[in-house]
Amino acid sequence: MNRKLHNTLSALTASGALLVVSLIVAAPVPGQADARAAASLAAELGTAGTLAQALETAAQTLESGSTEESRPAGASTRNRRQTLVMPFFSFLPRG
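Attention in this report is confined to the structure presented alongside it. (Residues numbered from 1 in each chain as written. Predicted model: local features only at pLDDT ≥ 70, side-chain atom pairs only at ≥ 80, totals over all residues. Heavy atoms only, no water.)

### Considerations on the overall build of the protein
Here is step 1: The helix and strand tally for the protein stands at 2 helices and 0 strands.
Here is step 2: Across the 95 residues of the protein, 0% fall into the buried class.
Here is step 3: Put simply, the protein shows about 9,400 Å² of open surface, and 63% of that area lies on carbon and sulfur atoms. (Helix = DSSP H or I, 4+ residues; strand = E, 2+ residues; numbered from the N terminus. Buried < 20%, exposed > 50% of the residue type's maximum accessible area, 1.4 Å probe, protein only. Areas by Shrake-Rupley, 256 points an atom, 1.4 Å probe, with all protein chains shown as cover.)

Now the structure itself:
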């Protein structure tokens, strides 16, 4: 058999078998689906609560005005240069 065709068919067979195995493993068991849903819901609520607390703390900090940034004299947003400057190369012939 042609070597390229043989390699292609072997790769397709291996990837198909891996896909089938992963789908079988990923299928939820009927009794455990409810427990997993409850656990993921609890994790989402915990994350949402933590995020809400962080946003409230940030809002209080911004309202108090304690995060004022002081710029050194002579530094303005107009005169700032980029940290990474890419050179321009042209490969077109001149003339």
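### Here we look at a nonpolar patch on the surface
Here is step 1: Residues Met 1, Leu 5, Leu 9 and Leu 12 make up a contiguous nonpolar surface patch of about 450 Å² in total accessible area.
Here is step 2: Tracing the sequence through the fold places Leu 12 in helix H1 (residues 3-26). (Patch = residues over 30% accessible without salt bridge, like charges linked within 9 Å, V, L, I, M, F, W, Y side chains within 5 Å. Salt bridge = Lys/Arg side-chain N within 4 Å of Asp/Glu carboxyl O.)

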